[in-house]
Amino acid sequence: MTTFRELNLSEALIKGVLKMGFEEATPIQAETIPVGLSGVDLIGQAQTGTGKTAAFGIPTIERLDAKSRHIQALILAPTRELAIQVAEELNRIGEMKRVHALPVYGGQQIDRQIRALRKNPQIVVATPGRLMDHMNRKTLNLDHVQTVILDEADEMLNMGFVEDIEKILGTLPPTRQTLLFSATMPPQIRKIADRFMTTPTHIKVKAKEMTVENIDQSFIELKESQKFDVLCRLIDTDSPELSIIFGRTKKRVDEMTEGLVQRGYTADGLHGDLTQAKRDQVIRRFKKGTIDILVATDVAARGLDISGVTHVYNFDVPQDPESYVHRIGRTGRAGKTGSAITFVTPREFGQIKTIERVTNKKMSRRHAPTLDEILEGNLKLAAQELIKRVEAKNSQEYTTLAQELLEEYEAVELIAAALKGLTKEPDATPVQISSIEPIRVKRFGNNGGGGNRRPYGNKGGSGSGSSNRGGGYRGSNPRGGERREGGRPSEGNRSSSSSDRREGGYAGRSNRSESDRNRGGRKPRFEK
Ligand SMILES: Nc1ncnc2c1ncn2[C@@H]1O[C@H](COP(=O)(O)OP(=O)(O)OP(=O)(O)O)[C@@H](O)[C@H]1O
Ligand SMILES: [Mg+2]
């Protein structure tokens, strides 16, 4: 185990990370921080939730000059929520060094961002489309950037941002350091690496499986028409603290959200067609626990770090194994445990096999809870509740009435009636979710006739390996469910900036044509 002191960091940075509750460096941090500090280019790959943000954030902040008024580090992220979150984390790491990171993303008023940029942040965390807008308007100067980081680089390629990224990287000083991070590294990444990186060191935290071992993974085979009722039953039996339900399209996300609310759950939806103000509100309420179910497209699959997410439900089987890895990685973060349950229709069963093959991890088959099982579970909960109330000994004012009732009725009958009153009956409010075409297996399994799709550099090409398995590490994170929202600019109206059209409609790969239209009809160059 490596402490941050052993990594030769300045006092300001050590204080910063200790204040965040980090006691030891995670494996990816221990391996990449020294390399990052040396100034060379770096590709970092490690499982979800294992601290990649700080792995690139710490050396980047350490290397920059807090007194300078120039932008010295640029981070590109695929979604707005991720840009905001990364900026927040960097602001915490750099707090003692008085370094400021500004998130810059589509959907927020550009004037507001221009004013914030005039305050000279040393770090800008941007979505590619909006950054391009600022570059075209000359409202930010990237001449002094010494480090550029592509967080979730493969997803930015999936989203069709490759041209923007090429343009952005092409304008940066050639001497700058380039870092590239993700939990998954499909071979296309090599193109970016070849073109824009100088003999990068490849660091991959070795792990037997692509997913962290503290996520319990299962699937349920069922008919499309059964999905919604089964989902509700699972939520009732699993009682997640916070959960994320992934759906394939924006329409399904809207319908599911509406249905859950109708059945009395506190849920809200997140997808690319919502205004930025609404997106901000949903995330804020989910982090606070005001809503405990987030229904989302793949827009929420990458990078989001929300503590308390104990369950991920894939209402629709993910389009590809990468999407699966990132979706389920929203739980089981920073050494915590989590559960991931994937729904699969019989015709799509091949996807489960493909995912298992690529992630090198078997999912267990789970059966949909029956109504009887649900009732039995609810009855047990009611009995526990009754016992709790008896033990609390605070029902004295009811004892006289209870005595009178006991004289007239059998004790067993009275308790049975009380239990019935406390038992939650499954809600059968009818909910209609529009049906959807099954994923075509052919497209899904197109990785070389069913062979293992190896993540880039998996075969010992890494600069230095680690014997650490998985993402488990010690160290507490005291923030709990209440994350500081500092650094998050208050929401403005949707601006008419061109980046909105490109970034606004992201619904995940499954909804590709729709999201492409929203990004100006651009076709992603790297189809999977
Ligand atoms: N050294 C550490 N000790 C304890 N907690 C840490 C440490 N480093 C990071 N964390 C916490 O772990 C959580 C996950 O970190 P982070 O979001 O950087 O993961 P990631 O590897 O980028 O995951 P993803 O692939 O999903 O983006 C965060 O809450 C972060 O604050
Ligand atoms: Mg991340």
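Predicted model, so just to flag it, every value in this text is computed and none were measured. (Residues numbered from 1 in each chain as written. Chains lettered and ligands numbered in written order. Predicted model: local features only at pLDDT ≥ 70, side-chain atom pairs only at ≥ 80, totals over all residues. Heavy atoms only, no water.)

Novice: How do you make sense of the sheet that holds strand β7 (residues 147-151) when you look at a structure like this?
Specialist: Whenever strands of a sheet pair, they do so through backbone hydrogen bonds, lying parallel or antiparallel. Ordered by their spatial adjacency, seven strands build an open sheet running β5-β6-β4-β7-β8-β3-β9, and the pairing between neighbours is parallel. Pairing within the sheet leaves two strands with one partner each, and these edge strands are β5 (101-104) and β9 (201-204). The average undirected angle you get between the axes of adjacent strands in this sheet is 15 degrees. Bridge count for β7 against strand β8 (residues 177-182) is five bridges, and the pairing is parallel. Looking at β8, one finds that I149 is bridged to L179. The strands touched by helix α4 (residues 80-93) are β4 (73-76), β5, β6 (123-126) and β7; relative to β5, the strand with the most contacts, the crossing angle is about 175 degrees. (Pairing = 2+ DSSP bridges. Helix = DSSP H or I, 4+ residues; strand = E, 2+ residues; numbered from the N terminus. Axes fitted to C-alpha atoms, helices over the stretch in contact; angles between N-to-C directions. Contact = heavy atoms within 4.5 Å.)

Novice: Would you mind showing me how to read the UniProt feature "domain: Helicase ATP-binding" (unreviewed entry) in the protein chain here?
Specialist: Here, the residues flagged by UniProt with the feature "domain: Helicase ATP-binding" (unreviewed entry) are residues 33-203. With 43% helix and 18% strand, the stretch residues 33-203 has end C-alpha atoms that lie 11 Å from each other. (UniProt positions renumbered as here; feature names shortened; annotations may be inferred.)

Novice: What should I look at first to understand the packing of aromatic side chains in this one?
Specialist: The geometry of an aromatic ring pair is captured by two quantities: the separation of the ring centres and the angle between the planes. One pass over the structure, following the stated rule, counts four aromatic pairs. Plain terms: the ring middles of F56 and F181 are 5.4 Å apart, the flat faces sit at 55 degrees to each other, and that makes the pair tilted. Taken as a pair, F56 in helix α3 (residues 52-63) and F181 in strand β8 lie far apart in primary sequence, 125 residues in all. Comparing F56 with F181, the two get one shared label, buried. Positioned above the aromatic ring of F315, the side-chain terminus of K227 is 5.5 Å from the ring centre. (Phe/Tyr/Trp six-rings, centres within 6.5 Å; stacked < 30°, edge-to-face > 60°. Buried < 20%, exposed > 50% of the residue type's maximum accessible area, 1.4 Å probe, protein only. Lys NZ or Arg CZ within 6 Å of the ring centre and 35° of its normal.)

Novice: Where do I start with unusual backbone geometry in this structure?
Specialist: Glycine aside, the phi torsion of most residues is negative, and most peptide linkages are trans. Its identity as a non-glycine residue notwithstanding, R98 has a phi of 60 degrees, on the positive side. Within the secondary structure layout, R98 lies in the loop between α4 and β5. Even without being glycine, K138 reaches a positive phi, approximately 55 degrees. Within the fold, K138 resides in the loop between α6 (128-137) and β7.

Novice: Mind showing me how you'd approach the environment of T237 here?
Specialist: Secondary-structure assignment places T237 in helix α10 (residues 227-238). Setting aside chain neighbours within four positions, we find T237 in contact with R366, P369 and I374.

Novice: Any chance you could explain the UniProt feature "domain: DEAD-box RNA helicase Q" (unreviewed entry) in the protein chain here in plain terms?
Specialist: The sites that carry the UniProt feature "domain: DEAD-box RNA helicase Q" (unreviewed entry) are, in the present numbering, residues 2-30. In residues 2-30, helix accounts for 45% and strand for 14%; the two terminal C-alpha atoms are 6 Å from one another.

Novice: Sorry, what's going on with the domain arrangement of the protein chain here?
Specialist: Often the size quoted for an interface is simply the accessible area lost on bringing the parts together. Parsing the protein chain into structural domains produces domain 1 (4-207), domain 2 (210-369) and domain 3 (372-422). Here the C-alpha centroids of domain 1 and domain 3 sit 58 Å apart. (Domains from an automatic or database assignment.)

Novice: Even after reading the chapter, I still don't get the sheet that holds strand β13 (residues 293-296), so can you show me in this structure?
Specialist: Taken in spatial order, the seven strands make up an open sheet running β12-β13-β11-β14-β15-β10-β16, and their pairing is parallel. A single partner strand is all that each edge strand has here, and the edge strands are β12 (267-270) and β16 (364-365). In this structure, strand β14 (residues 309-314) lies alongside strand β15 (residues 338-344), joined through four bridges in parallel fashion. For Y313, the partnering residue across the bridge sits in β15 and is I341. In this fold helix α11 (residues 250-262) packs onto β11 (242-246), β12 and β13, with an angle of close to 170 degrees to the strand it touches most, β12.

Novice: How should I be thinking about the nonpolar core in this particular structure?
Specialist: A general trend in soluble globular proteins is that nonpolar side chains are found buried together. Counting 39 residues, the largest nonpolar core has F4, I58, L90 and I123 as its most contacted members. At the level of secondary structure, the elements contributing two or more residues to this core comprise α1 (11-19), α2 (27-37), α3, β4, α4, β6 and β8. Ranked by the residues each element gives to this core, the list is headed by α4, at six residues. With sequence-adjacent residues up to four places away left out, I58 is seen in contact with F4, L9, L13, V17, I33 and I93. Of all hydrophobic cores here, the second largest spans 34 residues; its members include L74, V104, L131 and V148. (Core = buried A, V, L, I, M, F, W, Y, C linked by side-chain atoms within 4.5 Å.)

Novice: I tried to follow the site of ligand 1 on my own but got confused; where do I start?
Specialist: Looking at ligand 1, there are 22 residues lining it, with E24, K52, T53, D305 and R333 nearest. Here an oxygen atom of ligand 1 sits 2.7 Å away from a polar atom, N or O, in the main chain of G49. The separation between an oxygen atom of ligand 1 and a polar side-chain atom of R333 is 2.7 Å. In isolation ligand 1 has 640 Å² of accessible area, and contact with the protein removes 98% of it. Along the lines of polarity and charge, the residues of the shell around ligand 1 split into four nonpolar, 10 polar and eight charged. The residue makeup of the shell around ligand 1 includes at least three contributed by each of domain 1 (4-207) and domain 2 (210-369). (Near = heavy atom within 4 Å. Polar contact = N/O pair within 3.5 Å; in protein donor to acceptor, adjacent residues only side chain to side chain. Areas by Shrake-Rupley, 256 points an atom, 1.4 Å probe, with all protein chains shown as cover. Nonpolar A, V, L, I, M, F, W, Y, C, P; charged D, E, K, R; others polar.)

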